[in-house]
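These are the residues of each chain, in order.
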Amino acid sequence: GIAALATRAGWLAHGLNLVNPNPVIRDRAIDYAARTIMMAAPVDAAVIVSSWVGADYEFLDQTFAANWLSEGLSVLADFGEKNGVKILFEPMSRGGMEDARIIDRGRHLVEFVGSSNLGLAAKQTQLTGSDSVAGVEYIRYVAHDGIRGHERHLEFASLLTLLDCTNFSGTLVAECLP
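Conventions we followed
Residues numbered from 1 in each chain as written. Predicted model: local features only at pLDDT ≥ 70, side-chain atom pairs only at ≥ 80, totals over all residues. Heavy atoms only, no water. Helix = DSSP H or I, 4+ residues; strand = E, 2+ residues; numbered from the N terminus. Buried < 20%, exposed > 50% of the residue type's maximum accessible area, 1.4 Å probe, protein only. Contact = heavy atoms within 4.5 Å. Areas by Shrake-Rupley, 256 points an atom, 1.4 Å probe, with all protein chains shown as cover. Salt bridge = Lys/Arg side-chain N within 4 Å of Asp/Glu carboxyl O. Core = buried A, V, L, I, M, F, W, Y, C linked by side-chain atoms within 4.5 Å. Phe/Tyr/Trp six-rings, centres within 6.5 Å; stacked < 30°, edge-to-face > 60°. Lys NZ or Arg CZ within 6 Å of the ring centre and 35° of its normal. Pairing = 2+ DSSP bridges.

Along the protein, the regular secondary structure elements total six helices and six strands. Ordered by position from N to C terminus, the α and β elements of the protein give β-α-α-β-α-β-α-β-α-β-α-β. When the 178 residues of the protein are sorted by exposure, 43% land in the buried category. Restricting the contact set of the protein to residue pairs at least 6 apart, pairs at least 24 apart contribute 68%. Of the accessible surface of the protein, which amounts to about 9,600 Å², a share of 53% is contributed by carbon and sulfur atoms.

Here's what the structure looks like:
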């Protein structure tokens, strides 16, 4: 079956995200994610919501952004729960923040929202050691890094070793280019 659907196309195709200073855009992002939840429900898939995709606004106040993000995740977690769909938050950064800090901030945000229907997802490159895996329910293994024609295939064996050492019991999904 399908493990998860992602909302990233909302940013890629429509410029939507949960931290846009414009409340209309944030509402459209929630609507887009809610429609993704409705698609995920019949196939028992989770929905992945990324955080800062596209959020490179020069003067974005981080406190406001964190509040908007937690509010959006709370709404989506509640909606997902009503429809039997787990929401997985994948923290991302475009500002060069070190990966362990990104996961730690994501873990704190999930705890702050406080919904049992909201879990933590991570890209494999964000997992730097056994502590970074704690609380992660879903790992997205990207088997490429770069643009088409210039891919650098990433190491899978070291990820499996890390997961084995930590007794990871979540979902591991590979994302590959042809």
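So, on to the pattern of salt bridges. Tallied over the entire structure, the rule returns two salt bridges. Here Asp31 makes a salt bridge to Arg35, at a shortest N to O gap of 3.1 Å. Of this pair, Asp31 and Arg35 both sit in helix H2 (residues 23–40), four residues apart, which is roughly one turn of that helix. A relative accessible area of 41% places Asp31 in the partly exposed class. Overall, Arg35 belongs to the partly exposed group, its relative accessible area being 46%. A salt bridge links Asp104 to Arg107, with the nearest nitrogen and oxygen atoms 3.5 Å apart. A residue pair is termed a helical-turn pair when its members lie 3 or 4 positions apart in one helix, as Asp104 and Arg107 do in helix H4 (residues 99–113) at three residues.

If you look at the biggest cluster of nonpolar residues, it comprises 33 residues, and the most contacted ones within it are Leu73, Phe89 and Leu118. Counting only elements with at least two residues in this core, the list comes to H2, strand S2 (46–50), helix H3 (62–82), strand S3 (87–90), H4, strand S4 (118–123), strand S5 (136–142) and helix H6 (157–165). Top element by residues in this core is H2. It accounts for six residues. Of all hydrophobic cores here, the second largest spans five residues; its members include Ala46, Ile48, Leu88 and Ala121.

Our next topic: the packing of aromatic side chains. If you walk through the whole model with that rule in mind, you get one aromatic pair. On the numbers, 5.8 Å between centres and 15 degrees between planes, the contact of Phe64 with Trp68 is stacked. One end of the pair, Phe64, and the other, Trp68, are both in helix H3, four residues apart, so they sit about a helical turn from each other. Of the residues examined, Phe64 reaches a relative accessible area of 48% and is grouped as partly exposed. Overall, the relative accessible area of 17% leaves Trp68 in the buried class. The ring of Trp68 has Arg26 sitting right over it, with the charged end atom 4.1 Å from the ring centre.

Take the pairing of S4 next. Burial of S4 is extensive: five of the six residues sit out of reach of the surface. Where S3 lies against S4, three bridges are found, and the strand directions are parallel. Within S4, the position partnered with Phe89 by the bridge is Leu120.

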